[in-house]
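So the chains spell out like this:
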Amino acid sequence: MIKLKSMNEINKMRKAGEILARCHKEIEKMIRPGITTHEIDQFVEEFLAEHGATPEQKGYKGYRYATCASINDEICHGFPRKQPLQNGDIVTIDMVVNLNGWLADSAWSYPVGDISDETKKLLEVTKKALYLGIREARVGNRIGDIGHAIQTYAEGEGFSVVRDFVGHGIGQYMHEDPQIPHYGVKGKGLRLKEGMVLTIEPMINVGDFRSRLDDNGWTARTVDGSLSAQYEHTIAITKEGPLILTTLEEQPL
Ligand code: MF3
Ligand code: CO
């Protein structure tokens, strides 16, 4: 069942999203060779507490951390750890913020120190793929239009789109209907309606799209060991077009 949100509810989610966006800005400043994802996770807990918010991921289905921290070939759901980040790594920090019962979800991939040109290209293409997907999130379009825009662009740049993890509706629950694949066929799938609030969160791999799960039951990584990046925003579908709830910047669209 899809729960459509009123403008009042969307504004509550936007407040959660603003805290989340501010938190990412702080993380961006912290990331450097030598820092650990455990330190970043602790920072996020403190930052959210200072802003009257809570980390929704902590305790979700037994997950133990405020953030997911996925390094290099890890696609998503990496555990924060005490092993320092190294020059040339990339790390995706993903979190869901709960402010007064309303949620926002956003992930960002960060370069650690100096990264190779191919890695830079992966980050740029993944971020652009997110925004191309967001551009399709309008009243009257279909879910397949979002995935199609992401997939054709990312594959055209020589990369692949992860199939095993998808975007989702979000509101008072982290995962609501519908699911939003980052691949698909133009004109196919459910029609998008005003009041839908969704995450779009493409995970893009340098090599093959297939993933496998670590023994910890959570962390997904690329089967071929290639790098994977992810950018995610929570967006609301409004009459005026997609509204990004997890940004402090001007709406790009
Ligand atoms: N933020 C993730 C998502 O998109 C959820 C991570 S799973 C959790 O949907 F257990 F860490 F919460
Ligand atoms: Co999400």
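About the criteria used
- Residues numbered from 1 in each chain as written.
- Chains lettered and ligands numbered in written order.
- Predicted model: local features only at pLDDT ≥ 70, side-chain atom pairs only at ≥ 80, totals over all residues.
- Heavy atoms only, no water.
- Helix = DSSP H or I, 4+ residues; strand = E, 2+ residues; numbered from the N terminus.
- Rg over C-alpha atoms; globule rule 2.2 N^0.38 Å.
- Contact = heavy atoms within 4.5 Å.
- Areas by Shrake-Rupley, 256 points an atom, 1.4 Å probe, with all protein chains shown as cover.
- Lys, Arg positive; Asp, Glu negative; His and termini not counted.
- Charge placed at Lys NZ, Arg CZ, Asp CG, Glu CD.
- Donors = N, O, S within 2.8 Å, 3.2 Å for Na, K, Ca; no water.
- Tetrahedral: all angles 85-135°; square planar, octahedral: opposite > 155°, others 65-115°.
- Buried < 20%, exposed > 50% of the residue type's maximum accessible area, 1.4 Å probe, protein only.
- Core = buried A, V, L, I, M, F, W, Y, C linked by side-chain atoms within 4.5 Å.
- Expected span 1.5 Å × (residues − 1).
- Pairing = 2+ DSSP bridges.
- Axes fitted to C-alpha atoms, helices over the stretch in contact; angles between N-to-C directions.
- Salt bridge = Lys/Arg side-chain N within 4 Å of Asp/Glu carboxyl O.
- Polar contact = N/O pair within 3.5 Å; in protein donor to acceptor, adjacent residues only side chain to side chain.
- Near = heavy atom within 4 Å.
- 1 Å grid on protein atoms, 1.4 Å probe; cavity = no way out; pocket = protein on both sides within 12 Å on 5 of 7 lines; lining within 4 Å.
- Sits in = over half its atoms within 2 Å of the grid points.
- Nonpolar A, V, L, I, M, F, W, Y, C, P; charged D, E, K, R; others polar.

Asker: Report on the overall build of the chain, specifying residues and quantitative values.
Answerer: Broken down by element type, the chain carries 4 helices and 15 strands. A globule of 253 residues ought to have a C-alpha radius of gyration of about 18 Å, and the chain, at 17 Å, matches this closely. Considering only intrachain contacts with a sequence separation of at least 6, the fraction spanning at least 24 residues in the chain is 70%. A total of about 11,100 Å² of accessible surface is found on the chain, and carbon and sulfur atoms cover 47% of it. With 30 positive and 36 negative side-chain charges, the chain shows a separation of 5 Å between the mean positions of the two kinds.

Asker: Break down the coordination of the cobalt ion (ligand 2) for me, citing the residues and quoting the values.
Answerer: At this site the cobalt ion (ligand 2) is bound by Asp105 (OD), His168 (NE2), Glu201 (OE) and Glu232 (OE), with donor distances of 2.1 to 2.3 Å. Classification of the site at the cobalt ion (ligand 2) rests on its 6 donor atoms, whose angles at the metal span 27 to 156 degrees, yielding the label irregular. Sequence spacing of the donors to the cobalt ion (ligand 2): D-x62-H-x32-E-x30-E. With Asp105 in strand 5 (residues 102-111) and Glu201 in the loop between strand 9 (197-200) and strand 10 (203-205), the pair connects residues that are 96 residues apart, well separated along the chain. Per residue, the accessibility class of Asp105 equals that of Glu201, and both read buried.

Asker: Tell me what's going on with the nonpolar core, and back it up with residues and numbers.
Answerer: Ranked by internal contacts, the top residues of the largest apolar core, which has 55 residues, are Ile27, Ile40 and Val91. If sequence neighbours within four positions are ignored, Ile27 has contacts with Ile40, Phe43, Val44, Ile93, Met95 and Tyr110. In this structure, Leu103, Ile170, Ala236 and Leu243 belong to the second largest nonpolar core, which totals 11 residues.

Asker: Describe helix 3 (residues 117-135), with residues and values.
Answerer: The end-to-end C-alpha separation of helix 3 is 27 Å, in line with the 27 Å expected for 19 residues at 1.5 Å each. Taken together, the buried positions of helix 3 are occupied by Thr119, Leu122, Leu123, Val125, Thr126, Ala129, Leu130, Leu132, Gly133 and Ile134.

Asker: Describe the sheet that holds strand 3 (residues 74-76), with residues and values.
Answerer: Judged by pairing direction, the sheet is antiparallel, and its 3 strands sit side by side in the order 3-12-11 without closing on themselves. Two strands close off the open sheet at either side, each with one partner strand: strand 3 and strand 11 (211-213). On average, adjacent strands in this sheet sit at an angle of 40 degrees to one another, irrespective of strand direction.

Asker: Lay out the side chain of Glu201 in plain terms, naming residues and giving numbers.
Answerer: Salt bridges are absent for the buried Glu201, whose nearest opposite-charge side chain, Lys61, sits at 13 Å. Side chain to side chain, Glu201 and Thr199 meet in a polar contact 2.8 Å long. Setting aside chain neighbours within four positions, we find Glu201 in contact with Asp105, Val166, Gly167, His168, His182, Gln230, Tyr231 and Glu232.

Asker: Which residues make up the pattern of salt bridges, and what values go with them?
Answerer: If you walk through the whole model with that rule in mind, you get 12 salt bridges. Across the pair Arg81 and Glu74 runs a salt bridge, and its minimum N-O distance is 2.8 Å. When salt bridges with common partners are traced through the structure, they connect Asp73, Glu74, Arg81, Asp214 and Arg221 into a single cluster.

Asker: Lay out the site of ligand 1 in plain terms, naming residues and giving numbers.
Answerer: Around ligand 1, the structure places 14 residues, and the nearest of them are Gln57, Asp94, His168, His175 and Glu201. Between Asp94 and ligand 1, the recorded distance is 2.9 Å, taken from a side-chain N or O atom to a nitrogen atom. At a separation of 3.0 Å, an oxygen atom of ligand 1 approaches a polar side-chain atom of His168. Surface burial for ligand 1 is 96%, taken as the share of its 330 Å² of free accessible area covered by protein chains. The cavity that encloses ligand 1 is the largest pocket. Its residues assigned to classes, the shell around ligand 1 shows 6 nonpolar, 4 polar and 4 charged.

Asker: Outline the sheet that holds strand 10, supporting the account with residue identities and numerical values.
Answerer: The 3 strands lie next to each other as 6-10-13, forming an open sheet whose pairing is antiparallel. Each end of this open sheet is capped by a strand with a single partner; those strands are strand 6 (160-161) and strand 13 (228-230). Pairing geometry for strand 10 and strand 13, over 3 bridges, is antiparallel. Bridging across to strand 13, Met203 finds its partner in Gln230. Strands in contact with helix 3 are strand 10 and strand 13; relative to strand 13, the strand with the most contacts, it is inclined by about 35 degrees.

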